[in-house]
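Residues per chain, in single letters:
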Amino acid sequence: MLHFQYNVNLKSYNTFGLDVEAQIFIEIFTSEDMVLLVQSDVFKNHFKLVIGGGSNIVFVSKKIEGLVVKNAIQGIEIINKTKENVIIKAGSGMYWHNFVLFCIENGWGGVENLSLIPGTVGAAPMQNIGAYGVELVDVFESLEALEICSGKIFNFDTNQCQFGYRESIFKNSQKNKFIIVSVTFRLWLKPVFNVSYGAIKDQLAASNHKELSVKAVSDAVIAIRKSKLPDPKVLGNCGSFFKNPEIEVSFFESLEKKYPKMPHYLLPNQHIKLAAGWLIEQCGWKGLIKNNVGAHKDQALVIVNYGQATGQAIVDLALEIQASVYLTFGIKIEFEVNIF
Ligand code: EPU
């Protein structure tokens, strides 16, 4: 049975804590119900928006005329175990960190560096989440996605997902055409740890763990994130608001003469990735508050709602930041979040 609700406030369904009303709202807990939903008249006859954890979206409009679907598909299943790996499938509406905790409790390696990332399992491949030297693609096996127009479920492997830096086919050519219903991961039974990231090394050295374990690495990541990133339950935010920009080596060399301390990373494609947080900080935005919105005092890449900010005030500040970074460095930093 599909249970539609009307005029529902979405404040608790978006991590910026914005006041926005959905004309029609439904929460879906199984892939079978999701299939029923896309075949229903309410779905077919209205504008629709599917949300997961609401941790990557800014609502600019006060009311969504149409249907908002909260994907809450649950379930976790071991598909296969080999000598080295466990293949595990999770419902796309499960909270990402709950999935990570489940893997850590079992001692399975691969997602410990991705601890405490807000959002859901289904949103993880959508934008190929990443942190501390690991990306979703590193543990990805496949996913199942429901094609909206046909109501059929298709399987996508790594190549078909066309993963990039915070990118996948579901944000590009197949945008709004599929709903991800499950994600299958390949995890390690005898984990090889990725602790190359400086902050993890320092955190591990400071902690008193007896031996390196998925739990120790996860705890270190959680401690780093808690120390730097504001908790959306306390201060509304969507994590990184912008993507880190990639520029040509020749352009970087000209910038480096003026800014020798600029953090940078050489990419395999011979481009240079810069830290958007550093660029924003250099432009004087870090810790500044305007209309209840500001770039966070500990991590300028995170825009924060300090109270009753509107979605428009958040976007306006983001545009101002974007313009000032362009004016100072000649670099356009792109939004990582979706504006709606
Ligand atoms: N920096 C500053 N000032 C700031 C922020 C950062 O100078 O206000 C400098 C740092 O000192 C460092 C560099 O910028 O030298 C990079 O900073 P950090 O390690 O904090 O990472 P980031 O590039 O700002 C990315 C991801 C985060 C992820 C971290 C850790 C993006 C858009 N963001 O941030 O992901 O947690 O790396 O791996 O790629 C997210 O996507 O929501 C997110 C939080």
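In short, a report on the structure. Keep in mind it's a predicted model, so treat the numbers as computed, not measured.

The rules we used
Residues numbered from 1 in each chain as written. Predicted model: local features only at pLDDT ≥ 70, side-chain atom pairs only at ≥ 80, totals over all residues. Heavy atoms only, no water. Helix = DSSP H or I, 4+ residues; strand = E, 2+ residues; numbered from the N terminus. Buried < 20%, exposed > 50% of the residue type's maximum accessible area, 1.4 Å probe, protein only. Lys, Arg positive; Asp, Glu negative; His and termini not counted. Salt bridge = Lys/Arg side-chain N within 4 Å of Asp/Glu carboxyl O. Contact = heavy atoms within 4.5 Å. Pairing = 2+ DSSP bridges. Axes fitted to C-alpha atoms, helices over the stretch in contact; angles between N-to-C directions. Core = buried A, V, L, I, M, F, W, Y, C linked by side-chain atoms within 4.5 Å. Near = heavy atom within 4 Å. Polar contact = N/O pair within 3.5 Å; in protein donor to acceptor, adjacent residues only side chain to side chain. Nonpolar A, V, L, I, M, F, W, Y, C, P; charged D, E, K, R; others polar.

Points about the side chain of Glu147
Secondary-structure assignment places Glu147 in strand S10 (residues 140–147). Lacking a salt bridge, the buried Glu147 has Lys152 as its closest oppositely charged neighbour, with an N-O distance of 6.8 Å. When residues no more than four places from it in sequence are discounted, the contact partners of Glu147 are Lys152, Phe154, Lys177 and Phe178.

Concerning the sheet that holds strand S5 (residues 63–71)
Overall, mixed pairing links the four strands, which are arranged S1-S2-S5-S3 in an open sheet. Unpaired on one side and paired on the other, strand S1 (5–9) and strand S3 (48–51) mark the two borders of the sheet. Averaged over all pairs of adjacent strands, the angle between strand axes in this sheet comes to 40°, irrespective of strand direction. Note: S3 against S5, four bridges, orientation parallel. Residue pairing in the sheet places Lys48 in a bridge with Leu67 of S5.

Details of the pattern of salt bridges
Counted by the stated rule, this structure contains 10 salt bridges. Of the charged contacts, one joins Lys215 and Asp219 as a salt bridge, the two residues approaching to 2.9 Å between their closest N and O atoms. One end of the pair is Lys215 and the other is Asp219, both in helix H7 (residues 214–228) and four residues apart, which spans about a single turn. Assessed through its relative accessible area of 47%, Lys215 is described here as partly exposed. Here Asp219 falls in the partly exposed class, since its relative accessible area comes to 36%. Glu281 is the partner of Lys286 in a salt bridge, and the nearest nitrogen-oxygen pair spans 3.2 Å.

Notes on the nonpolar core
Residues Ile321 and Phe329 are the most contacted members of the largest nonpolar core, which totals 48 residues. The element best represented in this core is helix H10 (residues 311–329), accounting for eight residues. Apart from residues no more than four positions distant in its own chain, Phe329 is found in contact with Phe251, Leu255, Tyr259, Met262, Trp278, Leu279, Gln282 and Cys283.

Remarks on the site of the ligand
Not every one of the 24 residues close to the ligand is listed here, only the nearest: Tyr132, Tyr165, Tyr197, Glu281 and Ala300. Between the ligand and Gln299 there is a distance of 3.0 Å, counted from an oxygen atom to a side-chain nitrogen or oxygen. Ala300 places a polar main-chain atom, nitrogen or oxygen, 2.8 Å from an oxygen atom of the ligand. Among the elements of the structure, strand S8 (130–131), H7, strand S13 (236–240) and helix H9 (276–282) are those that each provide at least two residues to the shell around the ligand. Counting residues per element, the shell around the ligand draws most heavily on H9, which supplies three residues. Looking at the shell around the ligand residue by residue, the classes come out as 11 nonpolar, six polar and seven charged.

Considering the environment of Ile224
Looking at the element boundaries, Ile224 is found in helix H7. In this structure, the C-alpha to C-alpha distance between Ile224 and Asn292, residues 68 residues apart in sequence, is 26 Å. In this structure, Ile224 is in contact with Tyr132, Ala199, Ile200 and Gln203, ignoring residues within four places of it in sequence.

Considerations on the sheet that holds S13
Two pairing modes exist for strands in a sheet, parallel and antiparallel, and in both the strands are linked by backbone hydrogen bonds. Spatial ordering of the open sheet is given by S13-S19-S18-S17, a layout of four strands whose pairing is antiparallel. Bordering the open sheet on either side are S13 and strand S17 (289–290), each of which pairs with just one other strand. Looking at chain direction, S13 and strand S19 (residues 302–305) are connected through three bridges and run antiparallel. By the bridge assignment, Asn237 is partnered in S19 with Val304. Strands in contact with H10 are S17, strand S18 (293–295) and S19; relative to S18, the strand with the most contacts, it is inclined by about 35°.

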